[in-house]
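So you can see what is in the structure, the chains are spelled out below.
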Amino acid sequence: MAGKRYKHNKKGAGRFVQLPEWVQASPAWATLPPGPRALYIELKRRFNGTNNGAIYLSHRDASAALAVHRNTVGPWFKMLEARGFIFLTCAPHLGPSGIGKASVWGLAEEATPDGRPARKTFMQFGNSS
């Protein structure tokens, strides 16, 4: 007789976004305005554990998710990139059929699927050497 499968009929809270304490304690996060923080959490929400460097999020999708105008999120992406929280792996472009392709992002706090360790470039923010 086979036992019950693990997590079969198990009730839980569902998916969640983990924001580690060491990220929140960094000077880059402490000086980040609320808008870019919300955008980072939205990017992190689209991270499934194996797709770092392949997180698709356009300005329009981000603005719809955050309930702001699409011109508002552009500087937020730039700020997160300048502080080292995210990196662009593929710039937005027109596809072969003329349909636009969204930006592809990676999170600096997570390792990439090809085995490279996390970049953690945001930890150098504020260190003037």
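Quick notes on the rules
Throughout, a residue's number is its position along its own chain's written sequence, starting from 1. Reporting in this predicted model follows two pLDDT cut-offs: at least 70 for local features of residues, and 80 or more for side-chain atom pairs to be given and counted; totals over whole chains, interfaces and linings ignore these cut-offs and use all residues. Think of the side-chain values as coming from all heavy atoms in the structure, minus any hydrogens and water. Salt bridges, as used here, are contacts in which a Lys or Arg side-chain nitrogen is within 4 Å of a carboxyl oxygen on Asp or Glu. We count a stretch as a helix when DSSP gives it H or I for four or more residues in a row; a strand needs E for two or more, and each element gets its number in order from the N terminus. With a 1.4 Å probe rolled over the protein chains alone, any residue whose accessible area is under 20% of its type maximum counts as buried; one over 50% counts as exposed, and the rest are partly exposed. Residue contacts are counted whenever heavy atoms from the two residues lie within 4.5 Å of one another. Pairs of N or O atoms within 3.5 Å make up the polar contacts considered here, provided that, within protein, one atom can donate a hydrogen while the other can accept it, and that residues adjacent in sequence are counted only when both atoms are side-chain atoms.

(A) Region of interest: the pattern of salt bridges. Within this structure, the stated rule accounts for five salt bridges. Between Glu-110 and Lys-44 there is a salt bridge, and its shortest N-O distance comes to 3.4 Å. Placement of Glu-110 in the segment after strand S5 (104–107) and of Lys-44 in helix H3 (residues 34–45) is noted, with a sequence separation of 66 residues between them. Look at Glu-110 and you get partly exposed, because its relative accessible area is 22%. Across the pair Arg-116 and Asp-114 runs a salt bridge, and its minimum N-O distance is 3.7 Å. Just as Arg-116 is exposed, Asp-114 falls in that class too. One network of salt bridges, with partners in common, ties together Glu-42, Arg-45 and Arg-46.

(B) Molecular detail of the environment of Tyr-56. Looking at the secondary structure, you find Tyr-56 in strand S1 (residues 55–56). In contact with Tyr-56, not counting residues within four places along its chain, are Arg-46, Ala-102, Ser-103 and Val-104.

(C) Spotlight on the environment of Ser-63. Turning to its location among the elements, Ser-63 is positioned in helix H4 (residues 59–66). Note: C-alpha distance between Ser-63 and Gly-74 (11 residues apart in sequence) is 9.3 Å. Contacts of Ser-63, omitting those with residues within four sequence positions, involve Val-68, His-69, Arg-70 and Val-73. In terms of polar contacts, Ser-63 uses its side chain to reach the backbone carbonyl oxygen of Arg-60, at 2.8 Å.

(D) Here's a closer look at unusual backbone geometry. At Ala-67, a position not held by glycine, the phi torsion is positive, near 60°. In this fold, Ala-67 is placed in the loop between H4 and helix H5 (70–83). Positive phi, normally seen in glycine, also occurs at Lys-120, with a value near 50°. With respect to the helices and strands, the residue Lys-120 is situated in the segment after S5.

Read these as layout, nothing more, since geometry by itself doesn't imply function.
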